[in-house]
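Structural characterization, general
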Amino acid sequence: TRLGEPPEYMLSGAQPTADGNVHDLAETHGAHLTHLDRMWLYAAGVHHWRPDHELHGLSVIPSRSALWVNYRGERMGPPAVMGSYDARYAVETICRQQKRYSWQIMNQRIARRELSISGSEFNHAVREKRLFRFLFGVLLGNRELVHEFVDNCTDFVAAATVPELVEKMNELAGSEVVDAELLAEEIRCYDEQVSLGPAASGDEQIRRIAETRRYRGDRLRTCKFAKIDDPRSLPLIAIRSHLLTRKSLGGIQTDLQSRALDIEGDPLPGLYAVGEAAGFGGGGVHGIRSLEGTFLGGCILGGRLAARSIARSP
């Protein structure tokens, strides 16, 4: 009820080992499971071309300068859905569409500067601790990553013109659902706002890009007011984006000592739950709109409370 109608299917951003067996086992011992329907979702999932499991998905970190449109090629909002700000709002907005997937429209220049993938698999410089390669990618863009996904990921299409791009988008969608005239007009309107500059533009996305670029760390990874249909930055790239599940916000209900509770609210002797098992893997004390990277604190807090409780128990 919070997010609207679910899509026909969602990609899975979790590993096969995240199968819920710990929850099931705890429940057989009397633990109460709660809020398992509250999911932590991402709006920009794409298919992995070397899947480890069914519907194996990758989470694309949405580009700030990309134009995010619905299944027809229409910009969603208001306010407009845009990358790297409010993932929950993006999910809610996509779930209100007739077809619950979306497209990110950009060009090669934007993709090289801003495209990134969550996780270590495609962040080679970070995983391999290659500092100079990492700095090179930040300063000059990640050319290799863009080519890898355009060449291999079925959800990426590239073209030299908007009509050609729409043709490939519809081929991927399996129907003539993307409206070429509508998408071309959305791109034209956005590019006109880019031309006005952040001071004169009434577009919220452009104003947010301006604010983002005031921070030195984000300025290097955010294009300077890039138009979409720019002859100097071709080809155009469209990314079909699916909802991607990552984890549940629920889990084993506990008290303030991290003791697992039964359905009556009484602690179960000798059973404790912390971290993702207790719902701290997403949201937790920070709520449904928590920031990425804030989950660890709740996991540490629950673990320390459990350790103290166990140490004091007879």
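Structure shown above.
Fair warning: this is a prediction, and the values are worked out from it, not measured in the lab.

The next subject is the environment of Ile94. Inspection of the secondary structure assignment puts Ile94 in helix α2 (residues 87-95). Taking relative accessible area as the criterion, Ile94 reaches 0% and is therefore assigned buried. Considering only alpha carbons, one finds Ile94 and Asp151, 57 residues apart in sequence, at a separation of 27 Å.

Further remarks concern the packing of helix α7 (residues 162-173) against helix α8 (residues 180-196). To characterise two packed helices, one gives the angle between the axes of the helices and the distance between these axes. Here α7 crosses α8 at 130°, and the two axes come no closer than 10 Å. As judged from the angle between their axes, α7 and α8 are oblique. For the crossing formed where α7 meets α8, the hand is right-handed. Residues Val162, Val166 and Met169 of α7 lie in contact with α8, whose contacting residues are Ala180, Leu183, Ala184 and Ile187.

A water-sized probe, rolled over the atoms, reveals where empty space remains. Its volume calculated, the second largest pocket comes out at about 620 Å³. Taken together, 24 residues make up the lining of the second largest pocket; nearest its centre are Ala18, Asp19, Gly20, Lys247 and Ser248. Split into classes, the residues belonging to the lining of the second largest pocket amount to eight nonpolar, eleven polar and five charged.

The next thing to look at is helix α6 (residues 143-152). Within α6, burial applies to Leu145, Val146 and Phe149. With its buried residues spanning 100° around the axis, α6 presents them on a single face. Facing away from the buried side of α6, by more than 90 degrees, are the exposed residues Glu144 and Asp151. Those residues of α6 that are buried lie in contact with β3 (39-47), β4 (57-61), α3 (108-114), β7 (116-117), β8 (156-159) and β9 (236-248).

If you walk through the whole model with that rule in mind, you get six aromatic pairs. Residues Trp40 and Tyr42 carry aromatic rings whose centres are separated by 6.5 Å and whose planes lie at 75° to one another, so their mutual orientation is edge-to-face. By the burial criterion, Trp40 is buried, and Tyr42 matches it. Relative to Phe156, the ring of Phe149 lies with its centre 5.5 Å away and its plane at 50°, an arrangement referred to as tilted. In this structure an aromatic cluster arises from ring pairing among Trp49, Phe122, Phe149 and Phe156. Cation over ring: Arg208 sits above Tyr85, and NZ or CZ is 4.9 Å from the ring centre.

Moving on, we get to unusual backbone geometry. Looking along the chain, the bond that leaves Gly77 and enters Pro78 is cis, with omega of -5°. When you line up the elements, Pro78 lands in the loop between β5 (67-70) and α2. Following Pro78, the chain continues into Pro79 via a peptide bond in cis, with omega recorded as -10°. Following the sequence through the fold, Pro79 ends up in the loop between β5 and α2.

A word on the pattern of salt bridges. Pairing of side chains with opposite charge becomes possible as their charged atoms draw close. According to the stated counting rule, one finds 16 salt bridges in the structure shown. The salt bridge partner of Glu185 is Arg188, with a shortest N-O separation of 2.5 Å. Here Arg188 and Glu185 lie together in helix α8, a separation of three residues that amounts to about one turn. For Arg188, a relative accessible area of 38% corresponds to the partly exposed category. The salt bridge partner of Lys247 is Glu276, with a shortest N-O separation of 3.8 Å. Of this pair, Lys247 sits in strand β9 while Glu276 sits in the loop between β12 (267-272) and α11 (295-312); the two residues are 29 residues apart in sequence, bridging distant segments of the chain. Note on Glu276: relative accessible area 48%, which makes it partly exposed. Among the charged side chains, a salt-bridge network with shared partners connects Arg64, Asp218 and Arg221.

Thresholds, definitions, all that
Residues numbered from 1 in each chain as written. Predicted model: local features only at pLDDT ≥ 70, side-chain atom pairs only at ≥ 80, totals over all residues. Heavy atoms only, no water. Helix = DSSP H or I, 4+ residues; strand = E, 2+ residues; numbered from the N terminus. Buried < 20%, exposed > 50% of the residue type's maximum accessible area, 1.4 Å probe, protein only. Axes fitted to C-alpha atoms, helices over the stretch in contact; angles between N-to-C directions. Parallel < 35°, antiparallel > 145°, perpendicular 65-115°, else oblique. Left-handed = near helix turned anticlockwise from the far one by under 90°. Contact = heavy atoms within 4.5 Å. 1 Å grid on protein atoms, 1.4 Å probe; cavity = no way out; pocket = protein on both sides within 12 Å on 5 of 7 lines; lining within 4 Å. Points joined across faces, edges and corners; volume = space filled by probe spheres on them. Nonpolar A, V, L, I, M, F, W, Y, C, P; charged D, E, K, R; others polar. Arc of directions from axis to C-beta. Phe/Tyr/Trp six-rings, centres within 6.5 Å; stacked < 30°, edge-to-face > 60°. Lys NZ or Arg CZ within 6 Å of the ring centre and 35° of its normal. Salt bridge = Lys/Arg side-chain N within 4 Å of Asp/Glu carboxyl O.

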